[in-house]
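As a plain string of letters, each chain reads:
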2 protein chains.
Amino acid sequence: MKLLEDGVPLAEISIERVARTAGVGKATIYRRWSGREELFCDVLRAAEPPGPELPGTSTRDDLIALLEAQRRRGLATRSSAIVHNVLAQMKSSPKLWKAYHVNVVEPQRRLTTEVLRRGQEDGEIRTGLDLELIADLFHGPMLVRTVMRRDADLPDDLAEVIVDTVLEGLRPSGS
Amino acid sequence: MKLLEDGVPLAEISIERVARTAGVGKATIYRRWSGREELFCDVLRAAEPPGPELPGTSTRDDLIALLEAQRRRGLATRSSAIVHNVLAQMKSSPKLWKAYHVNVVEPQRRLTTEVLRRGQEDGEIRTGLDLELIADLFHGPMLVRTVMRRDADLPDDLAEVIVDTVLEGLRPSGS
């Protein structure tokens, strides 16, 4: 974190340099992280807001918690220069980007799929639809605003509005 | 196009070089394009599949046509090295990326907003919801698959499934 705060690019941060900056031996670092990729992922996880606590009261409430966590990560990427820079640098390295996906993105995706599967079991979500597609219907609109259109509005109630609208559909009621 | 097919990076393609390659004077180029940015946008438009013809039979049909055009652009980006490379290079230049947004992305977005506004007037879409948000609910899931997750499935019926599911909602019918 100190190196990143000092503006050192990821490419110049080796395990050796981390150990030297922390005043420990390389073996101490390798005891916790198998390499730079895993270490940078943990740095991001520490700098980003924590993952969601699922209330478990309903599928709707769990989905809102998941999308709200996504919105907060989007806000952090806008407000924290470190999160923004580390993410941008990871994107330009296929190896780092893959590690980020395996360690951060995919666990979040599995959590959403799990919530949706339970929602189908509990009768809150229609069955017969692909869970991957349903996950995209909820997360897609939020991702577009947090990741692709950095100037898009992220109002406080965005997670709730997206979840309720996708659940209820856009047809006028009664039709 | 010839220069791009030869693998010349965008940064090395000046109006002068285009004119020389085409065997015309610079003035001939400037008569049609005000600068490199506009010229590259037209190159992309020529290489990408054409924009959608809206059938105008219903809001649903128009939305499917809009999303199908988006899916075809996604397939072209995967299959055409030129589209893929030009897009990637435009993304890394703020000036080119802005020109792409103004000339290509925003007109498509305005078209969607127009279709949705008519849908509200015709009673096919609920009123009281922000049109920008509704546009994201339809385009977001497709964008995630075409732009962000390049290995995601883009099956033939994807546009139709997204439009129908977002229109009808995810609650089980009758609840």
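Residues numbered from 1 in each chain as written. Chains lettered and ligands numbered in written order. Predicted model: local features only at pLDDT ≥ 70, side-chain atom pairs only at ≥ 80, totals over all residues. Heavy atoms only, no water.

### Remarks on the packing of helix H5 (residues 59-79) of chain B against helix H7 (residues 94-121) of chain B
When two helices pack together, their arrangement is captured by the angle between the axes and the distance separating the axes. Residue and element names in this part refer to chain B. To be explicit about the condition: In this description, a line fitted to the C-alpha atoms serves as the axis of each element, helices being fitted only across the stretch in contact, and the angle between N-to-C directions of two axes falls anywhere from 0 to 180 degrees. Secondary structure is summarised from DSSP: a helix means a run of H or I of at least four residues, a strand means a run of E of at least two, and numbering begins at the N terminus for each. Each angle gets one of four labels, with under 35 degrees taken as roughly parallel, over 145 as roughly antiparallel, 65 to 115 as roughly perpendicular, and the rest as oblique. The crossing is said to be left-handed when, going from far helix to near helix, the turn is anticlockwise and less than a right angle, and right-handed when the turn is clockwise. Pairs of residues are marked as contacts when any of their non-hydrogen atoms sit within 4.5 Å. Put simply, Ala, Val, Leu, Ile, Met, Phe, Trp, Tyr, Cys and Pro go in the nonpolar bin, Asp, Glu, Lys and Arg in the charged bin, and everything else, Gly too, in the polar bin.
Between H5 and H7, whose axes approach to 9 Å, the crossing angle comes to 160°. The angle between the axes of H5 and H7 places the two elements in the roughly antiparallel class. For the crossing formed where H5 meets H7, the hand is left-handed. Counting all contacts with H5, which are made through Thr59, Asp62, Leu63, Leu66 and Arg73, the residues of H7 involved are Gln108, Leu111, Thr112, Val115, Leu116, Arg118 and Gly119. Across the contact of H5 with H7, the residue classes tally to 5 nonpolar, 4 polar and 3 charged.

### A closer look at the interface of chain A and chain B
Rule in force here: Note: buried area is the sum, over both parts, of the accessible area (probe 1.4 Å) each one loses when the two are combined. N or O atoms within 3.5 Å of each other form a polar contact, as long as, within protein, one can give a hydrogen and the other can take it, and as long as residues adjacent in sequence are counted only when both atoms are side-chain atoms.
Opposite the 34 residues of chain A that make contact, chain B presents 34 residues. Contact between chain A and chain B buries roughly 3,200 Å² in total, counting both sides, with carbon and sulfur atoms accounting for 64%. Of all residues in chain A, the largest losses of buried area upon contact with chain B belong to Arg126, Leu170 and Arg171 of chain A, amounting jointly to 25% of the total for that side. Our count for the chain A to chain B interface comes out at 16 residue pairs in polar contact (both at pLDDT 80 or more). Those elements that provide at least two residues to the side of chain A that touches chain B are helix H8 (131-148) and helix H9 (158-168) of chain A. By residue number, the principal contributor to the side of chain A that touches chain B is H8 of chain A, which donates 13 residues.

### Some thoughts on the side chain of Thr112 of chain B
With respect to the helices, strands and loops of the structure, Thr112 of chain B is situated in helix H7. Not counting residues up to four positions away in its chain, the partners in contact with Thr112 of chain B are Leu66, Ala135 and His139 of chain B.

### Describing the UniProt feature "domain: HTH tetR-type" (unreviewed entry) in chain A
The condition that has to hold: UniProt positions are given in the numbering used here, feature names are shortened, and annotations may be inferred rather than shown by experiment.
UniProt's feature table lists "domain: HTH tetR-type" (unreviewed entry) at residues 1-51 of chain A, given in the numbering used throughout. Measuring from the first to the last C-alpha atom of residues 1-51 of chain A gives 20 Å, for a span that is 61% helix and 0% strand.

### Digging into the relation of the copies chain A and chain B
Using the following cut-off: When the copies are overlaid, the least-squares fit takes in C-alpha atoms only where the residue has pLDDT of at least 70 in both copies.
Of the transformation superimposing chain A on chain B, the axial component is 0.1 Å and the angular component is 180°, with the fit at an RMSD of 0.0 Å. Look at the turn and shift together and you get a two-fold axis relating the two. Minimal C-alpha separation from the rotation axis in chain A is found for Gly169 of chain A, amounting to 1.7 Å. Comparing interface residues between copies, 100% of those in chain A also lie at the interface in chain B; the contact surface is shared.

### A closer look at the pattern of salt bridges
Under the convention used in this document: Think of a salt bridge as a Lys or Arg side-chain nitrogen and an Asp or Glu carboxyl oxygen that are within 4 Å of each other.
If you walk through the whole model with that rule in mind, you get 32 salt bridges over all chains. Here the residues in one salt-bridge network are Arg109, Glu132 and Asp136 of chain A together with Arg145 and Arg149 of chain B, joined through shared partners.

### Here we look at the confidence of the model for chain A
For clarity, the cut-off: One confidence number per residue, pLDDT, is output by the predictor and ranges from 0 to 100.
With 99% of its residues at a pLDDT of 70 or more, chain A has an overall mean of 90. Per-element confidence in chain A ranges from a low mean pLDDT of 81 for helix H6 (residues 81-91) of chain A to a high of 97 for H9 of chain A.

### Some points on the UniProt feature "DNA-binding region" (unreviewed entry) in chain A
According to UniProt, the feature "DNA-binding region" (unreviewed entry) maps to residues 14-33 of chain A in the numbering used here. Secondary structure across residues 14-33 of chain A divides into 75% helix and 0% strand, with the first and last C-alpha atoms of the span separated by 12 Å.

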